[in-house]
Amino acid sequence: MVPLKYLQAYPATLQDKVRALIAQERLGEHLARRYPARHDVQSDKALYAYVAALKQQHLRNAPGIDKVLYDARLDVLRNALGLHTAVSRVQGGRLKAKKEIRVASLFKAAAPEFLQMIVVHELAHLKEMDHNKAFYQLCTHMLPDYHQLEFDLRVYLTWRELPPTINVNQRE
Ligand SMILES: [Zn+2]
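Residues numbered from 1 in each chain as written. Predicted model: local features only at pLDDT ≥ 70, side-chain atom pairs only at ≥ 80, totals over all residues. Heavy atoms only, no water.

Draft legend 1. View of the environment of A52. With respect to the helices and strands, A52 occurs in helix 3 (residues 44-58). For the pair A52 and V68, spaced 16 residues apart in the sequence, the C-alpha separation amounts to 9.2 Å. (Helix = DSSP H or I, 4+ residues; strand = E, 2+ residues; numbered from the N terminus.)

So, in C-alpha cells, the structure goes:
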C-alpha cells in the first residue's frame, strides 16, 4: 500500500479514496476540476499586500508583521504547513523579535483557495503558536471551509510528488 505522508492523520477510508484515484490515474483530473483557478499573487510584494489585507479583515489586533515572502526552500510538511518564526535580531544592542511569514514557493502556481488556506494558517500562528483547538478556531473563523481546504491541499501536495506516469505506448 502506498504511504500517503501528507494524509497520515486522516481516517483510512479517506486515504483509500485518494489511493483509488491515484491507482486510476485520476487524481490530477479530480484536483483540476475542483480547483481550476490560478491567482496573480506572484511576487513577495504582492504576497505582503495579500497577507496584510487578510490580517486587516480578520486579525486587526494581532501583532504586526515585519516581512512576508515566498521561500523556495521551505518544506511544507516539515515546517508544519508553512514556517512561522519570530526571528530574534540584535538591533542597536537590543533584541527585537521580528515577525516573518514565509510561504512555500509552490503556492505561486497553486489554486487561490490553497494560497488563502496557507496564509490563514500562518496568520492564526500570530496568536497561537501550537496547532491546538484555539488555533483551528481562528482558522475557521477566517476561513469557514478551512478543514476541507487543508485536506484538499494535502491531497494536492500528494499529487505533486507522484512519480511521472510511464506512457506504455512509448515503451519499446
Ligand atoms: Zn502551523
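Once you've had a look at it, read on.
Draft legend 2. Region of interest: the confidence of the model for the protein. On average, residues of the protein score 86 in pLDDT, and 84% of them are at 70 or above. Taken as a whole, residues 82-89 scores under 50 in pLDDT and shows 27 contacts with residues more than four places along the chain or in a different chain. (pLDDT = per-residue confidence, 0-100. Contact = heavy atoms within 4.5 Å.)

Draft legend 3. Structural detail: the packing of aromatic side chains. Scanning all chains against the criterion turns up six aromatic pairs. With a centroid separation of 4.5 Å and 45° between ring planes, the pair formed by Y35 and F114 is classed as tilted. A residue pair is termed long-range when its members are at least 10 positions apart, and Y35 in the loop between helix 2 (27-34) and helix 3 and F114 in helix 4 (residues 112-124) qualify at 79 residues. Just as Y35 is buried, F114 falls in that class too. An aromatic cluster of at least three residues, connected via ring pairs, comprises Y35, F114, Y156 and W159. (Phe/Tyr/Trp six-rings, centres within 6.5 Å; stacked < 30°, edge-to-face > 60°. Buried < 20%, exposed > 50% of the residue type's maximum accessible area, 1.4 Å probe, protein only.)

Draft legend 4. Spotlight on unusual backbone geometry. A positive phi angle, near 55°, is found at E25, a position not held by glycine. Residue position: E25 is located in the loop between helix 1 (12-23) and helix 2.

Draft legend 5. Summary view of helix 1. Across its twelve residues, helix 1 extends 16 Å between first and last C-alpha, which sits within 8% of the 16 Å expected from 1.5 Å per residue. For helix 1, every residue scored as buried is listed here: Q15, V18, R19, L21 and I22. Seen end-on, helix 1 carries its buried residues on one side only, within an arc spanning 160°. In helix 1, those exposed residues whose orientation departs by more than 90 degrees from the buried face are T13, K17 and A23. Buried positions along helix 1 lie against helix 2 and helix 6 (146-160). Looking one or two residues beyond helix 1, the residue adopting positive phi is E25, at roughly 55°. (Expected span 1.5 Å × (residues − 1). Arc of directions from axis to C-beta.)

Draft legend 6. Main features of the pattern of salt bridges. Under the criterion given, the structure shown has eight salt bridges. In this structure, E100 and R102 form a salt bridge, with 2.9 Å as the shortest nitrogen-oxygen distance. Taking relative accessible area as the criterion, E100 reaches 5% and is therefore assigned buried. Of the residues examined, R102 reaches a relative accessible area of 18% and is grouped as buried. Residues joined in a network through salt bridges with shared partners are D71, R73, E100 and R102. (Salt bridge = Lys/Arg side-chain N within 4 Å of Asp/Glu carboxyl O.)

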